[in-house]
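# Structural overview
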Amino acid sequence: MRTATTGRIHSWDLSTGVDGPGTRFVLFVSGCPLRCLYCANPDTWHMRDGQEMSVEAVMGEIGKFRDFVTTAGGGVTITGGEPLLQPAFTAEILRRCKAAGLHTALDTSGFLGARATDELLADTDLVLLDIKSFDVNTYRKLTGGELAPTLNFATRLDRLGVPMWIRYVLVPGWTDDLASVDALARFVSGLGAVERVDVLPFHKLGASKYDALGVPFPLHDTPVPGPALVERVRACFKEHGVPAF
């Protein structure tokens, strides 16, 4: 893979607890091949809408917070959008961060996992892998994409020994079928590199972004899951020996 000197960036931020361990410098890249009905960041869909930045400029921004995030037990997370839509740029940022002694995390749907080279993954300390649904038809309706690439990527990460945190967004009427959750839990329990599953309750915090873009929010009338349902789904993973939060 050729080294990329520039990429398309949406923004960056600092976060704690939701984008990997510790306090993270979170880089949001632009562009995504999926159109998840619950997407909270529709403003990252199109690469053309992002700001072109050089690797050097991005590393300069990360460098401003290096001491802060390392002291807080964190590092750098690349998310989006979909980072693997810009694989060479993502790989170079991960390489530079790894060389600088920073913990690295890649947040991805895995849909473009085949674009991640072994070298890119060697520079990745943790993959936050979003598995949107374990039912093929539901996955297609929910995202517009296919499930198989994500499962193949998960299997590959396991083979390479790359640590994973699985992310599962719980959406009433879409991803709350307990038989499907149980099947996913069985699959995940067979992957030794999976450290935990984060069950993320569906929310509507991104609804205002749809309004600003003049785009209808597909799940505007979908309720958020109640605490009992969230705990039941978490319990399903725990029953298969997978830590779930």
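For the structure, see preceding data.
Overview of the structure. (Residues numbered from 1 in each chain as written. Predicted model: local features only at pLDDT ≥ 70, side-chain atom pairs only at ≥ 80, totals over all residues. Heavy atoms only, no water.)

## A short note on the packing of helix α7 (residues 178-189) against helix α9 (residues 227-239)
Packed helix pairs are specified by the crossing angle of their axes together with the interaxial distance, meaning the distance between the axes. Where we set the bar: Here an axis means a line fitted to C-alpha atoms, over the contact stretch when the element is a helix, while the angle between two N-to-C directions is reported on a 0 to 180 degree scale. In DSSP terms, a helix is any run of H or I states spanning at least four residues, a strand is any run of E spanning at least two, and both are numbered starting from the N terminus. Helix crossings get a hand from a simple test, with the near helix turned counterclockwise from the far one by less than a right angle marking a left-handed crossing and a clockwise turn marking a right-handed one. Between two residues, a contact is recorded if the distance between any of their heavy atoms is within 4.5 Å. Each residue gets one of three labels, nonpolar for Ala, Val, Leu, Ile, Met, Phe, Trp, Tyr, Cys and Pro, charged for Asp, Glu, Lys and Arg, and polar for the others, Gly among them.
It is at 8 Å that the axes of α7 and α9 come closest, and there the two elements cross at 35 degrees. In this structure, the crossing between α7 and α9 has a hand that is right-handed. Residues L178, V181, D182, L184 and A185 of α7 lie in contact with α9, whose contacting residues are R232, V233, C236 and F237. The class makeup of the residues in the contact of α7 with α9 is 7 nonpolar, no polar and 2 charged.

## Considering the packing of helix α1 (residues 55-64) against helix α3 (residues 87-99)
Quick note on the threshold: The cut-offs work like this: below 35 degrees is roughly parallel, past 145 is roughly antiparallel, 65 to 115 is roughly perpendicular, and the gaps in between are oblique.
At a minimum axis separation of 10 Å, α1 and α3 run at an interaxial angle of 40 degrees. Here α1 lies oblique to α3, going by the angle between them. Note that α1 runs across α3; the crossing there is right-handed. Taken together, the residues of α3 that come into contact with α1 (itself represented by V55, E56, V58, M59 and I62) are F89, E92, I93, R96 and C97. Of the residues in the contact of α1 with α3, the class split is 7 nonpolar, no polar and 3 charged.

## Some details on unusual backbone geometry
Cis peptide bonds are those with omega within 30 degrees of zero, and the linkage from G80 to G81 qualifies with 15 degrees. Counting through the fold element by element, G81 comes out in the loop between β4 (75-79) and α3.

## Description of the sheet that holds strand β6 (residues 126-130)
Strand pairing within a sheet occurs via backbone hydrogen bonds; the two strands may be parallel or antiparallel. Formally: Pairing between strands is defined by DSSP: at least two bridges between the two strands are required.
Reading across from one edge, β3-β1-β2-β4-β5-β6-β7-β8 is the order of the 8 strands in this open sheet, with mixed pairing throughout. Two strands bound the open sheet, and with one partner strand each, they are β3 (51-54) and β8 (194-201). Averaged over all adjacent pairs, the angle separating strand axes in this sheet is 30 degrees, with direction ignored. Across 4 bridges, strand β1 (residues 6-16) lies against β3 in antiparallel orientation. What sits directly across from T6, in β3, is S54. In the packing of α1 onto the sheet, the strands contacted are β1, β2 (23-29), β3 and β4, and the crossing angle to β3 comes to about 85 degrees.

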